[in-house]
Amino acid sequence: MTRRSNTRTWLVPTLLGSAAALGASALYAASKTREAEKCTPPIGDFITVDGVRLHYVERGQGEPLVLIHGNGTMIQDFLISGIVDDLAKRYRVIIDRPGYGYSDRPRGLWTPRAHATLFQKALQQLGITQAVVLGHSWGTLVAVALALHAPQLVRSLVLASGYYYPTLRADVILASPPAIPVIGDVLRYTVSPVVGRVLLAGMIKGMFAPAEVPERFDREFPKDMMLRPLQLRASAEDAALMTPSAMELQEHYRELKLPVVIVTGADDQIADVGRQSARLHRELPGSEFIVVPGMGHMIHHLAPDDVIAATDGAFESARRKSVPRAA
(Lines give C-alpha, C1' and ligand atoms only; values in the text may rest on other atoms or scores of the structure.)
Protein backbone atom coordinates (compact mmCIF):
# COMPACT_ATOMS: atom_id res chain seq x y z
CA MET A 1 0.00 0.00 0.00
CA THR A 2 2.84 2.32 0.89
CA ARG A 3 4.66 1.58 -2.37
CA ARG A 4 1.50 2.31 -4.37
CA SER A 5 1.04 5.58 -2.54
CA ASN A 6 4.65 6.56 -3.18
CA THR A 7 4.19 5.84 -6.87
CA ARG A 8 1.12 8.05 -6.99
CA THR A 9 2.99 10.73 -5.11
CA TRP A 10 5.52 11.27 -7.93
CA LEU A 11 3.62 9.94 -10.93
CA VAL A 12 0.64 12.31 -10.82
CA PRO A 13 2.71 15.50 -10.54
CA THR A 14 5.03 14.22 -13.28
CA LEU A 15 2.12 13.57 -15.64
CA LEU A 16 0.55 16.92 -14.85
CA GLY A 17 3.86 18.68 -15.34
CA SER A 18 4.43 16.93 -18.67
CA ALA A 19 0.95 17.83 -19.86
CA ALA A 20 1.47 21.44 -18.85
CA ALA A 21 4.82 21.54 -20.67
CA LEU A 22 3.30 20.08 -23.83
CA GLY A 23 0.41 22.54 -23.61
CA ALA A 24 2.79 25.46 -23.26
CA SER A 25 4.86 24.17 -26.19
CA ALA A 26 1.72 23.85 -28.32
CA LEU A 27 0.67 27.42 -27.55
CA TYR A 28 4.19 28.64 -28.31
CA ALA A 29 4.29 26.74 -31.63
CA ALA A 30 0.88 28.08 -32.67
CA SER A 31 1.87 31.63 -31.78
CA LYS A 32 5.13 31.39 -33.71
CA THR A 33 3.33 29.92 -36.74
CA ARG A 34 0.89 32.83 -36.85
CA GLU A 35 3.74 35.28 -36.42
CA ALA A 36 5.80 33.66 -39.19
CA GLU A 37 2.93 33.72 -41.68
CA LYS A 38 2.08 37.32 -40.80
CA CYS A 39 5.69 38.37 -41.43
CA THR A 40 5.98 36.26 -44.61
CA PRO A 41 2.70 36.33 -46.56
CA PRO A 42 2.33 34.55 -49.92
CA ILE A 43 4.34 36.23 -52.65
CA GLY A 44 2.98 34.40 -55.66
CA ASP A 45 -0.17 32.84 -57.06
CA PHE A 46 -2.04 29.61 -56.35
CA ILE A 47 -3.08 26.72 -58.53
CA THR A 48 -5.11 23.66 -57.46
CA VAL A 49 -4.13 20.28 -58.89
CA ASP A 50 -5.96 17.09 -57.87
CA GLY A 51 -7.25 18.91 -54.81
CA VAL A 52 -3.76 20.10 -53.76
CA ARG A 53 -3.26 23.87 -53.63
CA LEU A 54 0.21 24.83 -54.82
CA HIS A 55 1.85 28.20 -54.30
CA TYR A 56 4.10 29.32 -57.14
CA VAL A 57 5.95 32.37 -58.40
CA GLU A 58 6.26 33.21 -62.08
CA ARG A 59 8.90 35.69 -63.22
CA GLY A 60 10.08 36.86 -66.63
CA GLN A 61 9.16 35.68 -70.10
CA GLY A 62 10.63 33.35 -72.66
CA GLU A 63 11.45 29.65 -72.54
CA PRO A 64 10.09 27.98 -69.38
CA LEU A 65 12.45 27.09 -66.54
CA VAL A 66 11.11 25.19 -63.52
CA LEU A 67 12.95 25.45 -60.19
CA ILE A 68 12.47 22.71 -57.57
CA HIS A 69 13.85 23.49 -54.11
CA GLY A 70 15.33 21.09 -51.59
CA ASN A 71 14.21 19.73 -48.25
CA GLY A 72 13.22 22.23 -45.57
CA THR A 73 13.30 25.34 -47.73
CA MET A 74 10.80 27.11 -50.01
CA ILE A 75 10.48 29.57 -52.88
CA GLN A 76 12.51 32.22 -51.07
CA ASP A 77 15.59 30.00 -51.19
CA PHE A 78 15.92 30.54 -54.94
CA LEU A 79 14.77 34.15 -54.84
CA ILE A 80 17.27 35.23 -52.19
CA SER A 81 20.14 33.46 -53.97
CA GLY A 82 19.85 35.98 -56.81
CA ILE A 83 19.71 33.42 -59.60
CA VAL A 84 16.04 34.16 -60.32
CA ASP A 85 16.73 37.84 -60.97
CA ASP A 86 19.29 36.89 -63.60
CA LEU A 87 17.50 33.92 -65.17
CA ALA A 88 14.19 35.80 -65.44
CA LYS A 89 15.86 38.15 -67.93
CA ARG A 90 15.93 35.29 -70.45
CA TYR A 91 13.50 32.64 -69.27
CA ARG A 92 10.03 32.29 -67.81
CA VAL A 93 10.80 31.04 -64.29
CA ILE A 94 8.21 28.98 -62.43
CA ILE A 95 9.05 28.20 -58.95
CA ASP A 96 6.93 25.55 -53.49
CA ARG A 97 6.78 21.92 -53.26
CA PRO A 98 3.84 20.35 -51.40
CA GLY A 99 4.04 21.16 -47.69
CA TYR A 100 6.52 24.01 -48.07
CA GLY A 101 5.82 27.72 -47.95
CA TYR A 102 2.12 28.02 -48.76
CA SER A 103 1.69 24.79 -50.72
CA ASP A 104 -0.64 22.17 -49.22
CA ARG A 105 0.48 18.63 -48.40
CA PRO A 106 -2.38 16.18 -47.83
CA ARG A 107 -1.57 12.96 -46.02
CA GLY A 108 -0.02 10.47 -48.39
CA LEU A 109 3.23 9.03 -49.66
CA TRP A 110 4.97 12.05 -51.20
CA THR A 111 7.70 10.29 -53.13
CA PRO A 112 9.61 12.08 -55.90
CA ARG A 113 7.36 10.32 -58.40
CA ALA A 114 4.24 11.61 -56.60
CA HIS A 115 5.71 15.10 -56.81
CA ALA A 116 6.44 14.56 -60.49
CA THR A 117 2.88 13.52 -61.28
CA LEU A 118 1.52 16.59 -59.51
CA PHE A 119 4.03 18.94 -61.16
CA GLN A 120 3.29 17.61 -64.63
CA LYS A 121 -0.39 18.42 -64.18
CA ALA A 122 0.39 21.81 -62.64
CA LEU A 123 2.64 22.78 -65.55
CA GLN A 124 0.00 21.59 -67.99
CA GLN A 125 -2.54 23.90 -66.32
CA LEU A 126 -0.04 26.75 -66.66
CA GLY A 127 0.26 26.07 -70.37
CA ILE A 128 3.81 24.69 -70.25
CA THR A 129 4.49 21.84 -72.65
CA GLN A 130 8.30 21.84 -72.51
CA ALA A 131 10.70 23.16 -69.87
CA VAL A 132 14.21 22.97 -68.54
CA VAL A 133 14.09 21.78 -64.92
CA LEU A 134 16.56 22.79 -62.21
CA GLY A 135 16.45 20.84 -58.96
CA HIS A 136 18.50 21.43 -55.82
CA SER A 137 19.29 18.77 -53.19
CA TRP A 138 16.07 16.73 -52.54
CA GLY A 139 14.63 18.61 -55.50
CA THR A 140 17.03 16.76 -57.81
CA LEU A 141 15.13 13.54 -57.06
CA VAL A 142 11.91 15.25 -58.11
CA ALA A 143 13.55 16.69 -61.23
CA VAL A 144 14.83 13.25 -62.27
CA ALA A 145 11.45 11.65 -61.51
CA LEU A 146 9.72 14.30 -63.63
CA ALA A 147 12.08 13.64 -66.56
CA LEU A 148 11.40 9.90 -66.29
CA HIS A 149 7.66 10.35 -65.85
CA ALA A 150 7.15 12.97 -68.57
CA PRO A 151 10.11 12.88 -70.99
CA GLN A 152 8.19 14.94 -73.52
CA LEU A 153 7.88 17.75 -70.97
CA VAL A 154 11.47 18.00 -69.69
CA ARG A 155 13.95 19.30 -72.28
CA SER A 156 17.02 19.10 -70.07
CA LEU A 157 18.01 18.84 -66.41
CA VAL A 158 20.21 20.93 -64.13
CA LEU A 159 20.95 18.91 -61.01
CA ALA A 160 22.54 20.92 -58.17
CA SER A 161 24.03 19.37 -55.02
CA GLY A 162 21.97 16.24 -55.48
CA TYR A 163 21.49 12.94 -53.65
CA TYR A 164 21.12 10.07 -56.10
CA TYR A 165 22.37 6.85 -54.46
CA PRO A 166 21.33 5.36 -51.11
CA THR A 167 23.72 5.78 -48.19
CA LEU A 168 23.34 5.38 -44.44
CA ARG A 169 22.84 8.88 -43.02
CA ALA A 170 22.49 9.72 -39.33
CA ASP A 171 20.87 13.08 -40.13
CA VAL A 172 18.03 11.31 -41.95
CA ILE A 173 17.36 9.07 -38.94
CA LEU A 174 17.34 12.03 -36.57
CA ALA A 175 15.10 14.16 -38.81
CA SER A 176 12.42 11.52 -39.45
CA PRO A 177 10.41 11.20 -36.16
CA PRO A 178 7.95 14.05 -36.93
CA ALA A 179 6.85 12.02 -39.98
CA ILE A 180 5.51 9.18 -37.79
CA PRO A 181 1.70 9.33 -37.61
CA VAL A 182 0.21 10.29 -34.22
CA ILE A 183 3.56 10.47 -32.37
CA GLY A 184 4.95 12.79 -35.04
CA ASP A 185 1.80 14.91 -34.93
CA VAL A 186 2.26 15.46 -31.20
CA LEU A 187 5.96 16.26 -31.65
CA ARG A 188 5.58 18.78 -34.45
CA TYR A 189 2.83 20.73 -32.68
CA THR A 190 4.70 20.83 -29.37
CA VAL A 191 8.34 19.86 -28.92
CA SER A 192 9.77 19.91 -32.46
CA PRO A 193 9.35 23.67 -33.13
CA VAL A 194 11.10 24.46 -29.84
CA VAL A 195 13.96 22.03 -30.44
CA GLY A 196 14.18 23.12 -34.07
CA ARG A 197 14.58 26.73 -33.04
CA VAL A 198 17.55 25.78 -30.87
CA LEU A 199 19.20 23.68 -33.59
CA LEU A 200 18.35 25.79 -36.63
CA ALA A 201 21.41 28.04 -36.70
CA GLY A 202 23.76 25.05 -36.56
CA MET A 203 21.82 23.23 -39.24
CA ILE A 204 21.97 26.22 -41.59
CA LYS A 205 25.67 26.64 -40.92
CA GLY A 206 26.22 23.01 -41.92
CA MET A 207 24.31 23.50 -45.17
CA PHE A 208 26.74 26.22 -46.25
CA ALA A 209 29.95 24.81 -44.74
CA PRO A 210 32.84 25.14 -45.27
CA ALA A 211 31.78 28.58 -46.56
CA GLU A 212 30.13 31.14 -44.31
CA VAL A 213 26.38 31.68 -44.39
CA PRO A 214 25.82 34.62 -46.78
CA GLU A 215 24.68 37.78 -45.05
CA ARG A 216 21.73 38.15 -47.43
CA PHE A 217 20.45 34.64 -46.63
CA ASP A 218 20.87 35.21 -42.90
CA ARG A 219 19.00 38.51 -43.13
CA GLU A 220 16.21 37.72 -45.60
CA PHE A 221 15.37 34.02 -45.48
CA PRO A 222 12.15 33.46 -43.45
CA LYS A 223 13.61 30.90 -41.04
CA ASP A 224 10.53 30.82 -38.80
CA MET A 225 8.50 29.46 -41.74
CA MET A 226 10.67 26.33 -41.61
CA LEU A 227 9.47 25.58 -38.06
CA ARG A 228 5.72 25.51 -38.72
CA PRO A 229 4.12 22.10 -38.02
CA LEU A 230 3.11 21.41 -41.64
CA GLN A 231 6.57 22.19 -42.97
CA LEU A 232 8.19 20.13 -40.21
CA ARG A 233 6.07 17.17 -41.30
CA ALA A 234 6.94 17.69 -44.96
CA SER A 235 10.64 17.93 -44.16
CA ALA A 236 10.55 14.83 -41.95
CA GLU A 237 8.64 12.81 -44.56
CA ASP A 238 11.11 13.83 -47.25
CA ALA A 239 14.03 12.86 -45.02
CA ALA A 240 12.47 9.47 -44.32
CA LEU A 241 11.81 8.84 -48.02
CA MET A 242 15.16 10.05 -49.33
CA THR A 243 17.08 6.77 -49.16
CA PRO A 244 14.28 4.48 -50.46
CA SER A 245 13.53 6.99 -53.23
CA ALA A 246 17.16 6.96 -54.34
CA MET A 247 17.13 3.15 -54.25
CA GLU A 248 14.17 3.07 -56.61
CA LEU A 249 15.29 5.83 -58.99
CA GLN A 250 18.89 4.63 -59.39
CA GLU A 251 17.61 1.70 -61.42
CA HIS A 252 16.35 4.13 -64.07
CA TYR A 253 19.06 6.78 -64.48
CA ARG A 254 20.31 5.27 -67.71
CA GLU A 255 16.84 5.79 -69.18
CA LEU A 256 17.49 9.55 -69.18
CA LYS A 257 18.08 10.48 -72.83
CA LEU A 258 18.05 14.25 -72.41
CA PRO A 259 20.92 16.70 -71.73
CA VAL A 260 21.95 16.69 -68.05
CA VAL A 261 24.17 19.22 -66.29
CA ILE A 262 25.39 18.25 -62.82
CA VAL A 263 26.74 21.05 -60.62
CA THR A 264 28.05 20.78 -57.07
CA GLY A 265 30.37 22.29 -54.52
CA ALA A 266 33.59 20.30 -54.17
CA ASP A 267 33.36 20.43 -50.37
CA ASP A 268 29.65 19.67 -49.99
CA GLN A 269 29.22 18.30 -46.46
CA ILE A 270 25.60 17.21 -46.93
CA ALA A 271 25.77 15.10 -50.11
CA ASP A 272 29.12 13.39 -50.65
CA VAL A 273 30.37 14.51 -54.09
CA GLY A 274 32.22 11.30 -54.96
CA ARG A 275 29.38 9.00 -53.95
CA GLN A 276 26.64 11.15 -55.46
CA SER A 277 27.28 13.72 -58.21
CA ALA A 278 30.51 12.19 -59.55
CA ARG A 279 28.96 8.72 -59.63
CA LEU A 280 25.90 9.98 -61.50
CA HIS A 281 28.16 11.71 -64.01
CA ARG A 282 29.94 8.39 -64.65
CA GLU A 283 26.60 6.65 -65.11
CA LEU A 284 25.44 9.30 -67.59
CA PRO A 285 28.39 9.56 -70.04
CA GLY A 286 26.85 12.44 -71.98
CA SER A 287 26.32 14.60 -68.89
CA GLU A 288 28.26 17.75 -68.08
CA PHE A 289 29.88 17.89 -64.63
CA ILE A 290 30.71 21.20 -62.92
CA VAL A 291 32.54 21.11 -59.58
CA VAL A 292 33.10 24.42 -57.79
CA PRO A 293 36.16 24.33 -55.46
CA GLY A 294 35.74 25.28 -51.81
CA MET A 295 31.97 25.43 -51.89
CA GLY A 296 29.35 23.55 -49.88
CA HIS A 297 25.81 22.31 -50.37
CA MET A 298 23.98 25.59 -51.03
CA ILE A 299 25.72 26.05 -54.36
CA HIS A 300 23.11 28.45 -55.82
CA HIS A 301 23.91 30.91 -53.02
CA LEU A 302 27.65 30.31 -52.87
CA ALA A 303 28.35 30.17 -56.62
CA PRO A 304 25.29 31.65 -58.35
CA ASP A 305 27.20 32.47 -61.53
CA ASP A 306 28.15 28.81 -61.96
CA VAL A 307 24.53 27.69 -61.50
CA ILE A 308 23.34 30.35 -63.95
CA ALA A 309 25.99 29.26 -66.48
CA ALA A 310 24.95 25.62 -66.00
CA THR A 311 21.33 26.60 -66.69
CA ASP A 312 22.25 28.57 -69.80
CA GLY A 313 24.23 25.54 -70.96
CA ALA A 314 21.26 23.26 -70.37
CA PHE A 315 19.06 25.49 -72.54
CA GLU A 316 21.68 25.56 -75.27
CA SER A 317 22.01 21.76 -75.20
CA ALA A 318 18.24 21.41 -75.37
CA ARG A 319 18.09 23.72 -78.38
CA ARG A 320 20.81 21.80 -80.18
CA LYS A 321 19.05 18.52 -79.54
CA SER A 322 15.75 19.88 -80.86
CA VAL A 323 17.26 20.96 -84.19
CA PRO A 324 16.71 18.18 -86.74
CA ARG A 325 19.90 16.84 -88.27
CA ALA A 326 20.36 17.18 -92.02
CA ALA A 327 19.84 13.97 -93.94
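The structure we're discussing is the one just above.
All figures in this text were calculated on a predicted structure; none of them were measured in a lab.

### Description of the overall build of the protein chain
Part 1 of the argument: Along the protein chain, the regular secondary structure elements total 13 helices and nine strands.
Part 2 of the argument: When the accessible surface of the protein chain is totalled, it reaches about 15,100 Å², and 59% of it is carbon and sulfur.

### A closer look at a nonpolar patch on the surface
Part 1 of the argument: A surface patch of nonpolar side chains, about 350 Å² in accessible area, is lined by Val191, Val195, Val198 and Leu199.
Part 2 of the argument: Considering the arrangement of structural elements, one finds Val191 in helix 8 (residues 191-208).

### Some thoughts on the side chain of Arg105
Part 1 of the argument: Its location among the elements puts Arg105 in the loop between strand 5 (91-94) and helix 4 (112-125).
Part 2 of the argument: Side-chain polar atoms of Arg105 contact the backbone oxygen of Pro98, separated by 2.8 Å.
Part 3 of the argument: Here the side chain of Arg105 touches Asp238 through a polar contact of 2.8 Å, side chain to side chain.
Part 4 of the argument: Once residues lying within four places of it in the same chain are set aside, the contact partners of Arg105 are Pro98, Gly99, Tyr100, Trp110, His115, Leu230, Arg233, Ala234, Glu237 and Asp238.

### Overview of the layout of surface pockets
Part 1 of the argument: Its boundaries defined by the atoms lining it, the second largest pocket holds a volume of some 240 Å³.
Part 2 of the argument: Along the walls of the second largest pocket sit 13 residues, with Pro151, Val154, Arg155, Leu258 and Lys321 positioned nearest its centre.
Part 3 of the argument: Secondary-structure elements contributing two or more residues to the lining of the second largest pocket are helix 5 (138-149), strand 7 (154-160) and helix 13 (304-322).
Part 4 of the argument: Along the lines of polarity and charge, the residues of the lining of the second largest pocket split into seven nonpolar, two polar and four charged.

### Observations regarding the sheet that holds strand 4 (residues 63-68)
Part 1 of the argument: Pairing is mixed in the open sheet, where seven strands are placed in the order 3-5-4-6-7-8-9. The open sheet has two free edges, formed respectively by strand 3 (58-59) and strand 9 (288-292), since each of these has just one partner strand.
Part 2 of the argument: Of the strands in this sheet, strand 4, strand 6 (131-136) and strand 7 touch helix 5, which is tilted by about 160° from strand 7.
Part 3 of the argument: In the packing of helix 13 onto the sheet, contacts are made with strand 4, strand 5, strand 6, strand 7, strand 8 (260-265) and strand 9, and the angle to strand 7 comes to roughly 155°.

### Concerning the nonpolar core
Part 1 of the argument: In terms of nonpolar packing, the biggest core is built from 45 residues, with Val133, Val154, Leu157, Leu159, Tyr253, Leu256 and Leu280 touching the most fellow members.
Part 2 of the argument: Counting residues per element, this core draws most heavily on helix 5, at nine residues.
Part 3 of the argument: When sequence neighbours within four positions are dropped, the list of residues in contact with Leu256 reads Val144, Ala147, Leu148, Leu157 and Leu284.
Part 4 of the argument: The next biggest cluster of nonpolar side chains, apart from the first, holds 28 residues, and it includes Ile75, Ile83, Leu134 and Val158.

### Thoughts on the packing of helix 5 against helix 10 (residues 229-249)
For any two helices packed against each other, one specifies the inter-axial angle together with the distance between the axes.
Part 1 of the argument: The N-to-C vectors of helix 5 and helix 10 enclose an angle of 40°; their axes lie 11 Å apart at closest approach. Relative to helix 10, the element helix 5 lies oblique. At the point where helix 5 passes helix 10, the crossing takes the left-handed sense. Where helix 5 approaches helix 10, its residues Trp138, Leu141, Ala145 and Leu148 are matched on the opposing element by Asp238, Met242, Ser245, Ala246 and Leu249.
Part 2 of the argument: Along the lines of polarity and charge, the residues of the contact of helix 5 with helix 10 split into seven nonpolar, one polar and one charged.

### Quick look at the environment of His281
Part 1 of the argument: Relative to the assigned elements, His281 resides in helix 11 (residues 277-283).
Part 2 of the argument: For His281, a relative accessible area of 24% puts it in the partly exposed group.
Part 3 of the argument: Sequence spacing of His281 and Ile262 is 19 residues, and the spatial spacing of their C-alpha atoms is 7.2 Å.
Part 4 of the argument: In this structure His281 touches Ile262, Ser287, Glu288 and Phe289, once residues within four positions along its chain are discounted.

### Quick look at the packing of aromatic side chains
Part 1 of the argument: Under the criterion given, the structure shown has five aromatic pairs.
Part 2 of the argument: With centroids separated by 3.8 Å and ring planes inclined at 5°, the aromatic side chains of Tyr91 and Phe315 adopt a geometry described as stacked.
Part 3 of the argument: Here the aromatic rings of Tyr164 and Tyr253 are separated by 6.5 Å at their centres, their planes lie at 85°, and the arrangement is edge-to-face. Of this pair, Tyr164 sits in the loop between strand 7 and helix 6 (170-175) while Tyr253 is found in the loop between helix 10 and strand 8, placing the two residues 89 residues apart along the sequence.
Part 4 of the argument: When its relative accessible area of 0% is taken as the criterion, Tyr164 is described as buried.
Part 5 of the argument: What makes Tyr253 buried here is its relative accessible area of 0%.
Part 6 of the argument: Pairwise contacts between aromatic rings join Tyr164, Tyr165 and Tyr253 into one cluster.
Part 7 of the argument: Geometry around Phe46 places Arg53 over its ring, the cationic atom sitting 3.9 Å from the centre.
Part 8 of the argument: Here Arg228 stacks its cationic end above the ring of Tyr102, 5.8 Å away from the centre of that ring.

### Here we look at the environment of Ile68
Part 1 of the argument: Tracing the sequence through the fold places Ile68 in strand 4.
Part 2 of the argument: Here the alpha-carbon distance between Ile68 and Ile94, two residues 26 residues apart in the chain, equals 9.0 Å.
Part 3 of the argument: Residues in contact with Ile68, not counting those within four places in the same chain, are Phe78, Arg97, Phe119, Val133, Leu134, Gly135, His136, Gly139, Val142 and Ala143.

### Focus: the side chain of Gln250
Part 1 of the argument: Looking at the secondary structure, you find Gln250 in the loop between helix 10 and strand 8.
Part 2 of the argument: Under the relative-accessibility criterion, Gln250 is labelled buried at 18%.
Part 3 of the argument: When neighbours within four sequence positions are excluded, Gln250 is seen to be in contact with Tyr164, Tyr165, Pro166, Arg279 and Glu283.

Conventions we followed
- Residues numbered from 1 in each chain as written.
- Predicted model: local features only at pLDDT ≥ 70, side-chain atom pairs only at ≥ 80, totals over all residues.
- Heavy atoms only, no water.
- Helix = DSSP H or I, 4+ residues; strand = E, 2+ residues; numbered from the N terminus.
- Areas by Shrake-Rupley, 256 points an atom, 1.4 Å probe, with all protein chains shown as cover.
- Patch = residues over 30% accessible without salt bridge, like charges linked within 9 Å, V, L, I, M, F, W, Y side chains within 5 Å.
- Salt bridge = Lys/Arg side-chain N within 4 Å of Asp/Glu carboxyl O.
- Polar contact = N/O pair within 3.5 Å; in protein donor to acceptor, adjacent residues only side chain to side chain.
- Contact = heavy atoms within 4.5 Å.
- 1 Å grid on protein atoms, 1.4 Å probe; cavity = no way out; pocket = protein on both sides within 12 Å on 5 of 7 lines; lining within 4 Å.
- Points joined across faces, edges and corners; volume = space filled by probe spheres on them.
- Nonpolar A, V, L, I, M, F, W, Y, C, P; charged D, E, K, R; others polar.
- Pairing = 2+ DSSP bridges.
- Axes fitted to C-alpha atoms, helices over the stretch in contact; angles between N-to-C directions.
- Core = buried A, V, L, I, M, F, W, Y, C linked by side-chain atoms within 4.5 Å.
- Buried < 20%, exposed > 50% of the residue type's maximum accessible area, 1.4 Å probe, protein only.
- Parallel < 35°, antiparallel > 145°, perpendicular 65-115°, else oblique.
- Left-handed = near helix turned anticlockwise from the far one by under 90°.
- Phe/Tyr/Trp six-rings, centres within 6.5 Å; stacked < 30°, edge-to-face > 60°.
- Lys NZ or Arg CZ within 6 Å of the ring centre and 35° of its normal.

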